[in-house]
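Here are the chains, one letter per residue:
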Amino acid sequence: TDDPRPCIVIAVCTRGRNTPLRRLIISIWLQPLPDDYRVVLLIVDNNDVSSVDTALDGLSDHFPICVVHEPRTGLVYARNRAFDEAVALGALWLIGVDDDEWVATNWLEEMVSGFERLGQQIIIAPTRFVYDDDLSPYLRQAQFPVREKGHRPAVAACGNFALHRCVFDPAHGPALRFDTYFNERGAEDTEFFRRAERQHDIVAAALPSALAYEDRSGPRATLGYALHSTLRAQLTWFQIAQRHRQMGLYGSRWRNAVLILRRTKTMSLRTVSSAVWGLANYPIRRAKAQRNLGRAMLSAARLCAIVLFVAGMSIKPYSARGKSG
């Protein structure tokens, strides 16, 4: 391109979810054009055969679109391909957002403001869950905790984030990539950000004003989905600690064992206390009792994760069964 302005690549990894993908793209299309940057939308189609064309039908030329096909299944391969393509496009910043989300009308403007004012190489912005009336009575309308601007994020995930080229471009820094060890395990994003901090001292900064949204309705509003997500998140938390210990980045065998014991004690107490409270109050305060019973079941799922980890077992994340984002 002849445009001398620095490039922002908005990267979206997708796998067979054209309807939510189109919703996301339309929300990106509503963003005002930044004056000091050129913007490219990069779509990594993580299917055996590329299939995103219908999601792009009839869209205007608001931003240039680059579609690449990554046939190797899994978010690690898709996200690493996004890094490679961003390098080829000369990106100064890569913004990542999941294909099942949509973004606020000032999202890109807030991201650009974060680039220029925070001075950090990794930015984590929040994803806010949008609940419907079909939420299981055993669940609360929970949200991830959001830290103040510039502080270390409470949750490091790839739902809504930005990276400076010093993170992923080999000409400018360590050229970090997602670890294929987690391709079928999940939490590859959490591991990536923890490794950036532990190995390269690159600490992420929170940017609460650049909002993305995600539906928590339908199957995602069920107790079963919440239990699976909780089990997987706890299991991969231990796997990340083990992996980083093996790499010499963090912890020790003794330290990790102590963490497991402490977590077991905490989860056991929480499971029992929530279950007792819920059962005792079920006849008179059913709604609150159900939420406490749900809390007990989620704590029990974390206990099950400890058992699976000690036994050396793993479970496939939702992404390995058809989701990319």
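Residues numbered from 1 in each chain as written. Predicted model: local features only at pLDDT ≥ 70, side-chain atom pairs only at ≥ 80, totals over all residues. Heavy atoms only, no water.

## Quick look at the packing of aromatic side chains
Point 1. Under the defined criterion, the tally for this structure stands at 14 aromatic pairs.
Point 2. Ring geometry for F83 against F178: centres 5.5 Å apart, planes inclined by 10 degrees, an arrangement best described as stacked. Of this pair, F83 sits in helix α3 (residues 75-88) while F178 sits in the loop between α5 (165-168) and α6 (188-200), placing them 95 residues apart in sequence.
Point 3. We classify F83 as buried; its relative accessible area is 1%.
Point 4. Given the relative accessible area of 4%, F178 is considered buried.
Point 5. A connected cluster of aromatic rings, assembled from ring pairs, spans F83, F161, F168, F178, F192 and F193.
Point 6. The ring of Y181 has R185 sitting right over it, with the charged end atom 4.0 Å from the ring centre.
Point 7. Lying over the aromatic face of Y250, R198 brings its terminal NZ or CZ to 3.7 Å of the ring centre. (Phe/Tyr/Trp six-rings, centres within 6.5 Å; stacked < 30°, edge-to-face > 60°. Helix = DSSP H or I, 4+ residues; strand = E, 2+ residues; numbered from the N terminus. Buried < 20%, exposed > 50% of the residue type's maximum accessible area, 1.4 Å probe, protein only. Lys NZ or Arg CZ within 6 Å of the ring centre and 35° of its normal.)

## Looking at a positive patch on the surface
Point 1. Positive charge collects at one region of the surface, where R140, R285, K288 and R295 lie side by side.
Point 2. Within the fold, K288 resides in helix α9 (residues 286-310). (Patch = residues over 30% accessible without salt bridge, like charges linked within 9 Å, V, L, I, M, F, W, Y side chains within 5 Å. Areas by Shrake-Rupley, 256 points an atom, 1.4 Å probe, with all protein chains shown as cover. Salt bridge = Lys/Arg side-chain N within 4 Å of Asp/Glu carboxyl O. Lys, Arg positive; Asp, Glu negative; His and termini not counted. Charge placed at Lys NZ, Arg CZ, Asp CG, Glu CD.)

## With respect to the nonpolar core
Point 1. Within the largest apolar cluster, 35 residues are counted, with the highest numbers of intra-cluster contacts made by I8, I10, I28, I95, W107, M111 and F115.
Point 2. Secondary structure elements with two or more residues in this core: β1 (7-14), α1 (18-29), β2 (38-45), α2 (53-56), β4 (91-97) and α4 (107-118).
Point 3. It is α4 that contributes the most residues to this core, 6 residues altogether.
Point 4. Each residue touching I10, except ones within four places of it in the same chain, is listed here: I28, V39, V40, L41, L42, I95, V97, W107 and L108.
Point 5. Within the second largest apolar cluster, 31 residues are counted, among which are C7, L75, A91 and A196. (Core = buried A, V, L, I, M, F, W, Y, C linked by side-chain atoms within 4.5 Å. Contact = heavy atoms within 4.5 Å.)

## Details of helix α7 (residues 223-246)
Point 1. An ideal rise of 1.5 Å per residue puts 34 Å on 24 residues; α7 measures up with 35 Å between its terminal C-alpha atoms.
Point 2. Looking one or two places after α7, you find G248, whose phi comes out positive at around 75 degrees. (Expected span 1.5 Å × (residues − 1).)

## Some details on the pattern of salt bridges
Point 1. Under the counting rule described, the total for this entry stands at 16 salt bridges.
Point 2. Across the pair D215 and R23 runs a salt bridge, and its minimum N-O distance is 3.0 Å. Here the residue D215 occupies a position in strand β10 (residues 212-216), and R23 occupies one in helix α1, the gap between them amounting to 192 residues.
Point 3. Note that D100 and R220 form a salt bridge whose closest N and O atoms lie 2.6 Å from each other. With D100 in the loop between β4 and β5 (101-103) and R220 in the loop between β10 and α7, this pair connects stretches of sequence that are 120 residues apart.

## Observations regarding the pairing of β1
Point 1. The buried fraction of β1 amounts to 8 of the 8 residues, a majority that puts the element mostly inside the structure.
Point 2. Side-chain alternation along β1 places C7, V9, A11 and C13 on one buried face and I8, I10, V12 and T14 on a second face that is also buried.
Point 3. The pairing of β1 with β2 spans 8 bridges and is classified as parallel. Looking across to β2, one finds that I8 is bridged to V39.
Point 4. Between the parallel pair β1 and β2, the chain is carried across by α1, and the sense of this crossover is right-handed.
Point 5. Sheet analysis places β1 next to β4, joined by 5 bridges and oriented parallel. (Pairing = 2+ DSSP bridges. Right-handed = clockwise from strand over helix to strand, strands pointing away.)

## Topic: α9
Point 1. For α9, which comprises 25 residues, the first-to-last C-alpha distance of 36 Å matches the rise-based estimate of 36 Å (1.5 Å per residue) to within 8%.
Point 2. Positive backbone phi, at 75 degrees, marks G312, one or two positions downstream of α9.

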